[in-house]
Each structure stands twice: as structure tokens, then as C-alpha cells.
Amino acid sequence: KWILEKLKTQKERNAKVPIREYINDEKFYILDSEYNLRVVEGEFNPSVARLGDKNIIVKIPEGLRPELRVEVIKQEIKGLIMDRGLEVAKERVPIYSEMLSVSPTKVVIKEQKSRWGSCSSTGGIYINWRIFIAPLAMVDYILVHELCHLIELNHSKKFWSLVKKILPDYREREQWITDNGYSLIV
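Remember, predicted model here, so these are calculated numbers, not experimental data. (Residues numbered from 1 in each chain as written. Predicted model: local features only at pLDDT ≥ 70, side-chain atom pairs only at ≥ 80, totals over all residues. Heavy atoms only, no water.)

Quick look at the packing of helix 4 (residues 157-166) against helix 5 (residues 170-180)
Thought 1: Following both chains from N to C, one finds helix 4 and helix 5 inclined at 100 degrees, their axes separated by 9 Å at the closest point. When the axis of helix 4 is compared with that of helix 5, the two are roughly perpendicular. Taken together, the residues of helix 5 that come into contact with helix 4 (itself represented by Trp 160, Val 163 and Lys 164) are Tyr 170, Arg 171 and Glu 174.
Thought 2: Its residues assigned to classes, the contact of helix 4 with helix 5 comprises three nonpolar, no polar and three charged. (Axes fitted to C-alpha atoms, helices over the stretch in contact; angles between N-to-C directions. Helix = DSSP H or I, 4+ residues; strand = E, 2+ residues; numbered from the N terminus. Parallel < 35°, antiparallel > 145°, perpendicular 65-115°, else oblique. Contact = heavy atoms within 4.5 Å. Nonpolar A, V, L, I, M, F, W, Y, C, P; charged D, E, K, R; others polar.)

Details of the nonpolar core
Thought 1: In terms of nonpolar packing, the biggest core is built from 48 residues, with Leu 37, Ile 56, Ile 77, Ile 131 and Phe 132 touching the most fellow members.
Thought 2: Mapped by element, the contributors of at least two residues to this core are strand 1 (27-30), strand 2 (33-42), strand 4 (55-61), helix 2 (66-100), strand 7 (124-128), helix 3 (136-148), helix 4 and helix 5.
Thought 3: Considering every element that reaches this core, the biggest residue donor is helix 2, with 10 residues.
Thought 4: Excluding residues within four positions of it along the chain, Ile 131 makes contact with Trp 116, Met 138, Val 139, Ile 142, Ile 177 and Leu 184. (Core = buried A, V, L, I, M, F, W, Y, C linked by side-chain atoms within 4.5 Å. Buried < 20%, exposed > 50% of the residue type's maximum accessible area, 1.4 Å probe, protein only.)

Things to note about the packing of aromatic side chains
Thought 1: Under the definition given, this model contains three aromatic pairs.
Thought 2: Summarising the aromatic geometry, the rings of Tyr 22 and Phe 28 are spaced 6.3 Å apart at their centres and angled 35 degrees between planes, so their arrangement reads as tilted. For the pair shown, Tyr 22 and Phe 28 are each scored as buried.
Thought 3: Seen from their ring centres, Trp 160 and Tyr 170 are 5.2 Å apart, and the 15 degrees between their planes marks the pair as stacked. Of the two residues, Trp 160 sits in helix 4 while Tyr 170 sits in helix 5, which places them 10 residues apart along the sequence. (Phe/Tyr/Trp six-rings, centres within 6.5 Å; stacked < 30°, edge-to-face > 60°.)

Examining the pattern of salt bridges
Thought 1: Tallied over the full model, the rule gives 10 salt bridges.
Thought 2: With a shortest N-O distance of 2.9 Å, Arg 65 and Glu 67 are connected by a salt bridge.
Thought 3: A residue is classified by how much of its surface remains accessible, and Arg 65, at 51% relative accessible area, is exposed.
Thought 4: The partner of Glu 152 in a salt bridge is Lys 158, and the shortest N-O contact between them spans 3.4 Å.
Thought 5: Here Glu 152 falls in the buried class, since its relative accessible area comes to 13%. (Salt bridge = Lys/Arg side-chain N within 4 Å of Asp/Glu carboxyl O.)

With respect to the sheet that holds strand 4
Thought 1: Read from one edge of the open sheet, four strands run 1-2-4-3, paired in mixed fashion. The strands lining the two open edges of the sheet, one partner per strand, are strand 1 and strand 3 (48-51). Neighbouring strand axes in the sheet, compared pairwise and without regard to direction, differ in orientation by 30 degrees on average.
Thought 2: Sheet topology note: the strand 2/strand 4 ladder contains seven bridges and is parallel. Note that in strand 4 the partner of Leu 37 across the bridge is Ile 56.
Thought 3: The strands that helix 2 touches are strand 1, strand 2, strand 3 and strand 4; relative to strand 4, the one it contacts most, it runs at about 135 degrees. (Pairing = 2+ DSSP bridges.)

Focus: the environment of Ile 81
Thought 1: Take Ile 81: it is sitting in helix 2.
Thought 2: Separated by 10 residues in the primary sequence, Ile 81 and Glu 71 have C-alpha atoms spaced 15 Å apart.
Thought 3: In this structure, Ile 81 is in contact with Ile 30, Trp 129, Phe 132, Ile 133 and Val 186, ignoring residues within four places of it in sequence.

Rendered as C-alpha cells:
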């Protein structure tokens, strides 16, 4: 019965995962903003991307094979999200670091297969780039969670007390990530 319930849940989740085509006017989210994809093909080598007011503009070489075209667009969007994520982390980490009286040695935005964030024993904070697709409140939760690990390198009651002190609604944020994290894709 448990297996069947889990399979049903997974099937329902898979039905909610956005199917990407990487075409003009396709919607993408970065933090709390919606963007329309604008793909421009021309004599661009290498490809480039930038974030406009309401657009993600990706300039790619013309004549790419369809599967390579998709991969280039995906990588450019991922790069934009990573860059924007680093900007946001640089703005927000000092705020929470001061509240917790901690100083991370570095903050890195990177690809993580199964984690939203991690904290090294040397004080480095590593954040999964995909969380920057989510609303800013979820990013804040991950940042606070990892910064609290600079004080408590475990998930003890003391650790959760620290998180709650900064984010009283952390459980709701954590639940949002559990419920929606699978859909944070490019």
C-alpha cells in the first residue's frame, strides 16, 4: 500500500513538472519575478544571455542542431540564474550573518544533485542554484539554515531553535520546498 501511494504521489508530481520547449514567450521564474524567454539567433559566438525587465534574452549561433540549441539555451538560463543568485546571496548573507553573529568564509552557488544547500566544516556555504527559481522567502530559508550550521553542525533542537529565532515560519518555508522543489527546473 505504501509503495502504491508513493508511486501515485510521484506520478502526480511528474504531471506538475513544467515541460520546457525553450521557445519565445515561454515563461521562466527567477526569485519572485516572471520572465519571458526571447531567443535571438544570429552570428553570436559564443552564446550570451542577459536579464531584461521582463525578459530573458538568449543570443545563440544560428543553425544549431535542435538538441544542441536546447542545451545552449538551458546553460545560458542556468548561468543567468547562478549569477543572479550570487548577487542575492551577497546582499542577504551579511544581513543574516550579522543576526547570527557568524562569518562564512565563502558563499558559492553551485550544482547540487540532492541538496538545497550545505555548509563545510571550514565555514563555506554552498547553495544549489535551483533555489533561486523559487520565491525569495525560500532562498532566505536555505541561507539561514546553512548559516545556522556555522553554529550547530547538526539538526539538533538547538539548531532548529536558531533557525526559528530568525525565521519563525521556517516550517512553512521548508514545507513549500518539499512540496514544490521538484518543479524548480530550467
